[in-house]
Amino acid sequence: MTQTTIKQQIDDLREALRTHNHNYYVLDQPTISDYDFDVQLETLKALEAKHPEFYDANSPTQRVGGAITKNFETVKHDYRMYSLDNSYSKEDLLDWEKRIKKLVDGAVSYTCELKYDGASISLTYEDGQLVRAVTRGDGFQGDDVTANIKTIKSVPLQLKGDYPPKFDIRGEIVLPFDGFNAMNAERIANGEEPYRNPRNTASGSLKLQDSAEVAKRPLECLLYNITGANLGVTTQFESLEKARSWGFKVPEIAVLADSVEAVLDFVNTWDAKRHELPYETDGVVIKVNHLQQQEELGHTSKAPRWAMAYKFKAEQVSTILNEITYQVGRTGAITPVANLEPVELAGTTVKRASIHNADQIEKLDIRERDTVFVEKGGEIIPKIIRVDLSLRPVDSQPTTYITHCPECQTALVRTEGDAKHYCPNYNGCPPQIVGRIQHYISRKAMDIEGLGGETVALLVKEGLITNYADLYELTKAQVIPLERMAEKSAENLINGVKASVEIPFERVLYAIGIRYVGETVAKKLAKHYKSIDHLMEATQEALEQVDEIGVKIAESVTLFFASEANKITIERLKTFGVQLSMTETELEGQTELLKGQTIVVSGVFEKVSRTELKKLIEDNGGKVSSSISSKTSFIVAGDKMGPSKKDKAEKLGVALISEDDFLRKVTFT
Ligand code: AMP
Ligand code: ZN
């Protein structure tokens, strides 16, 4: 045979096998026997082995796995993977609709889809080929799990039809009940502990090092969202159909609804029928159908404004509350915990439930030895929703809340307006010391590799560290004698700590653990004050003037820096080289040009994306707002800005400026 005919034969086999895979795993309609499929696959394997010059990473032979991943590489998402806001009632949906209608023009219709309960994944395709699969991670960046994803047969490695040249598609990796049960039957037969639930097993599978192991698991990939530029679609519903035509598994259960009533019909139907579905679902996702309206609505810091999850009613069960114990968090906050008589709930055994705070105990009149109803929402720890008073023991006594810290015996405090009690022994309470350092090293904070939460606890227990600044003075010789430490792991720990001096200021600000300063607030403060020195000098009044910084945060920040101990810790971090101000590069392109201005972005743009536009506004000190009001300084108006927005702008006398004019304003200064 000539090279060309061999190449032709290989191509034909690949094409045929792709089609059979699609028929079997996506359409659920096989057209040949398993035997014939295997024969073709073996033929292709043999040909490929003989002709490595025709290797193709996306050949159907690559599905069996074999690649080993020791460390999953972290990859930044081109488009952030957001979470979803939740709703639980018709009122919630009507409120949402009201908010939407304030922000967009024209009629609004919705696509309703099921909310698949698995592990989210983002797949990148270029020229119809799967090039990358990345987990959601923290939404900004995730782990590259391409080798494992390729083994999932319903993920097309090569697309068909009129797909765009480059796009991301998001979906959920799920483990259908059948496959899950079969896996467990096998484990039980082998004397192994069965897996707890399909969702955790699916997400655990993605991080297996051996892709051949993943290939053996009956995972599926259900897709629901295409992301990218120039996708050639105008609605969500259409995008589902398109994705299906390119070869993706997009569940057929999705409808268009033009009112909240119609949405609720879909919800109620599937709430009742969800047990008939082959995989786990935990609700419905409702999305504004028109992509143009989605663009207009944009995102909050956590979730798109154009989508809403409607959670199916959580499953409930009753059990006996044996004892109430109290946990101390890293901020000193006390959380009462209900220790329950173990009970099965939504596929897992529940032994503990959180009770939030003293008010909750009082409100529900929760007492030890009560029979309580426990409910599982999205959280891992379920919560108590009510007490079955008819079963209360006759000699039952109301719960008296603790007055002293269970860990360090310091008297607890509770400030006006705070739901929680706190242990004020900031520098001497062990779980606070450990918790603060654990927070400091955590992934979203300083992301210190080679150091885990348990080691932190051990280091504190051994008296080697009492705050996070101490980490930078640890030596290998001190660490090696610790339990389960070896030369190499000690070295990794020291190097991990050293490397953390590269972490940018905004994350350091989050890491140091000021109460109420989460990631978003830390970013805001970093951007506004540019260095810790400036932030430390800021008065409470000044802080309150900063956009989106309220009294509570301002108070907490000043309180933090009023502490001599904290000041010393910060000074020490400085001497170790930790980033306590923004670097030249971070400051580049940042101006105060738009300081004090509130700007609305509306319509479709030519030269820059909306995201870039918003970033430009923020980098130049402006604030982006999604609705036009008398406070709006001006509107950057693109193509197709809605007529009612135009009217509103005119009425309020808010100026419209074009994309070009805006760009000139911020870039040519
Ligand atoms: P949550 O994790 O509760 O914030 O819910 C958001 C997650 O729901 C997303 O990250 C997706 O992984 C998942 N999800 C499941 N089904 C869908 C769907 N049809 N549309 C959008 N997201 C979905
Ligand atoms: Zn304490």
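Everything discussed here concerns the structure shown above.
In this report, we go over the structure that sits alongside the text. (Residues numbered from 1 in each chain as written. Chains lettered and ligands numbered in written order. Predicted model: local features only at pLDDT ≥ 70, side-chain atom pairs only at ≥ 80, totals over all residues. Heavy atoms only, no water.)

Per the secondary structure count, the protein chain includes 25 helices and 20 strands. Taking 26 Å as the expected radius of gyration for a compact globule of 669 residues, we find that the protein chain reaches 28 Å, a close match to that expectation. In terms of its C-alpha atoms, the protein chain occupies a principal-axis envelope of roughly 85 × 70 × 60 Å. Within the span of the protein chain, comprising 669 residues, buried residues form 46% of the whole. Contacts spanning at least 24 positions in sequence make up 68% of the contacts within the protein chain whose residues lie at least 6 apart. By element, 51% of the accessible surface of the protein chain is carried by carbon and sulfur atoms, the whole surface being about 33,400 Å². Both charge centroids of the protein chain, one from 82 positive and one from 99 negative side chains, sit 2 Å from each other. (Helix = DSSP H or I, 4+ residues; strand = E, 2+ residues; numbered from the N terminus. Rg over C-alpha atoms; globule rule 2.2 N^0.38 Å. Buried < 20%, exposed > 50% of the residue type's maximum accessible area, 1.4 Å probe, protein only. Contact = heavy atoms within 4.5 Å. Areas by Shrake-Rupley, 256 points an atom, 1.4 Å probe, with all protein chains shown as cover. Lys, Arg positive; Asp, Glu negative; His and termini not counted. Charge placed at Lys NZ, Arg CZ, Asp CG, Glu CD.)

We now examine the coordination of the zinc ion (ligand 2). Every protein donor of the zinc ion (ligand 2) is accounted for by Cys405 (SG), Cys408 (SG), Cys423 (SG) and Cys429 (SG), and the metal-donor separations fall at 2.2 to 2.3 Å. Around the zinc ion (ligand 2) sit 4 donor atoms, and with donor-metal-donor angles ranging over 98 to 114° the site reads as tetrahedral. If you list the donors of the zinc ion (ligand 2) from N- to C-terminus, the spacing comes out as C-x2-C-x14-C-x5-C. As far as the burial class goes, Cys423 and Cys429 line up, both buried. (Donors = N, O, S within 2.8 Å, 3.2 Å for Na, K, Ca; no water. Tetrahedral: all angles 85-135°; square planar, octahedral: opposite > 155°, others 65-115°.)

For the rest of this paragraph, the subject is the site of ligand 1. Taken together, 13 residues surround ligand 1, and among them Ser83, Arg136, Glu172, Tyr224 and Lys287 come closest. In the model, a nitrogen atom of ligand 1 is placed 3.0 Å from a nitrogen or oxygen of the Glu113 side chain. Contact between ligand 1 and Tyr224: an oxygen atom at 3.1 Å from a side-chain N or O atom of the residue. About the coverage of ligand 1: the protein hides 84% of its 500 Å² of free accessible area. Sort the elements by how many residues they give to the shell around ligand 1 and strand β3 (residues 110-116) lands first, with 4 residues. Among the residues forming the shell around ligand 1, the class breakdown is 6 nonpolar, 2 polar and 5 charged. (Near = heavy atom within 4 Å. Polar contact = N/O pair within 3.5 Å; in protein donor to acceptor, adjacent residues only side chain to side chain. Nonpolar A, V, L, I, M, F, W, Y, C, P; charged D, E, K, R; others polar.)

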